[in-house]
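The lines below spell out each chain.
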Amino acid sequence: MRTGVHVRRGDTVEVITGKYRGKRGKVLRVLPKGGRIIVEGVMVAKRHMKPNEKMPSGGIVEKEMAFVAGKAMLVCTRCGRAVRFGHRVLDDGARVRVCRHCGEIIDKA
Ligand SMILES: [Zn+2]
C-alpha cells in the first residue's frame, strides 16, 4: 500500500471536500506519519488563551489544524486548476512533477 503525502511544504493546494472546499492555501507542514497536512487558512481552530507572559490579557489564537492530505489537490501554477499530477524524469535525470491537465512541469520532485 502506498502511504505518504502527495504534496509538499510550500505547495499551493485546493481543498476538494468538506467545509473548506474550494479554499486555497500554502502547505505549512506535512505530517507524513499521519498522512496529514497543515494548510494556511484551512481548518482554523480558535483557541481561547489564558493570560500569560506573552499575552497578559489572554485572548483568542487562531491556529491551523492538520487534516487528511487526500482532501487537498495541488494547484497548477500554469493552468490555475486543482489538478492531478504525474512524474516525469528529464534528460538530466531530475524527477519533476507534471500537471496532468496542461502538461506543465510544476517543479522538481
Ligand atoms: Zn496545469
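Just so it is clear, the model here is predicted, and its values are computed rather than measured.

> Help me out: how do you make sense of the coordination of the zinc ion in this one?
Octahedral six-donor coordination of a metal ideally yields angles of 90 or 180 degrees, compared with 109.5 degrees for tetrahedral four-donor coordination. Around the zinc ion, the protein contributes the donor atoms Cys76 (SG), Cys79 (SG), Cys99 (SG) and Cys102 (SG), at 2.2 to 2.4 Å from the metal centre. Between the 4 donor atoms coordinating the zinc ion, the angles at the centre fall across 103 to 118°, so the site counts as tetrahedral. Assessed through its relative accessible area of 27%, Cys102 is described here as partly exposed.

> Please clarify how the nonpolar core should be interpreted in this entry.
Soluble globular proteins tend to pack their nonpolar side chains together in the buried interior. Counting 18 residues, the largest nonpolar core has Val7, Val13, Val27, Ile37, Val39, Val42 and Phe67 as the members making the most contacts within it. Of all elements in the fold, only strand S1 (12-15), strand S3 (36-39) and strand S7 (72-75) reach the threshold of two or more residues within this core. With near-sequence residues (within four places) excluded, Val13 lies in contact with Val7, Lys23, Arg24, Gly25, Val27, Val39, Ala72, Met73, Leu74 and Val75.

> I keep staring at the pairing of strand S2 (residues 24-31) and nothing clicks. Help me out?
Consecutive side chains along a regular strand alternate between the two faces of the sheet. Here S1 pairs with S2 via 3 bridges, running antiparallel. Of the residues in S2, the one forming a bridge with Glu14 is Arg24. Pairing of S2 with S3 involves 4 bridges; the strand directions are antiparallel. Pairing of Leu31 across the sheet is with Arg36, part of S3. The antiparallel hairpin formed by S2 and S3 contains 4 residues in its connecting segment, where Gly35 sits at a positive phi of about 65°.

> Please explain the sheet that holds S1 as it appears in this structure.
Consider a sheet: its strands pair through backbone hydrogen bonds, and that pairing is either parallel or antiparallel. With antiparallel pairing, 6 strands are arranged side by side in an open sheet as S6-S3-S2-S1-S7-S8. Single-partner strands in this sheet number two, and they are strand S6 (67-68) and strand S8 (82-83).

> Sorry if this is basic, but what is going on with the pattern of salt bridges here?
Opposite charge on two side chains permits them to pair, given that their charged atoms come into close proximity. All chains considered together, the criterion is met by 4 salt bridges. Of the charged contacts, one joins Asp11 and Arg97 as a salt bridge, the two residues approaching to 3.0 Å between their closest N and O atoms. Of this pair, Asp11 sits in the segment before S1 while Arg97 sits in strand S10 (residues 95-99), and the two are 86 residues apart along the sequence. In terms of burial, Asp11 and Arg97 fall into one category: buried.

Conventions used here
- Residues numbered from 1 in each chain as written.
- Predicted model: local features only at pLDDT ≥ 70, side-chain atom pairs only at ≥ 80, totals over all residues.
- Heavy atoms only, no water.
- Donors = N, O, S within 2.8 Å, 3.2 Å for Na, K, Ca; no water.
- Tetrahedral: all angles 85-135°; square planar, octahedral: opposite > 155°, others 65-115°.
- Buried < 20%, exposed > 50% of the residue type's maximum accessible area, 1.4 Å probe, protein only.
- Core = buried A, V, L, I, M, F, W, Y, C linked by side-chain atoms within 4.5 Å.
- Helix = DSSP H or I, 4+ residues; strand = E, 2+ residues; numbered from the N terminus.
- Contact = heavy atoms within 4.5 Å.
- Pairing = 2+ DSSP bridges.
- Salt bridge = Lys/Arg side-chain N within 4 Å of Asp/Glu carboxyl O.

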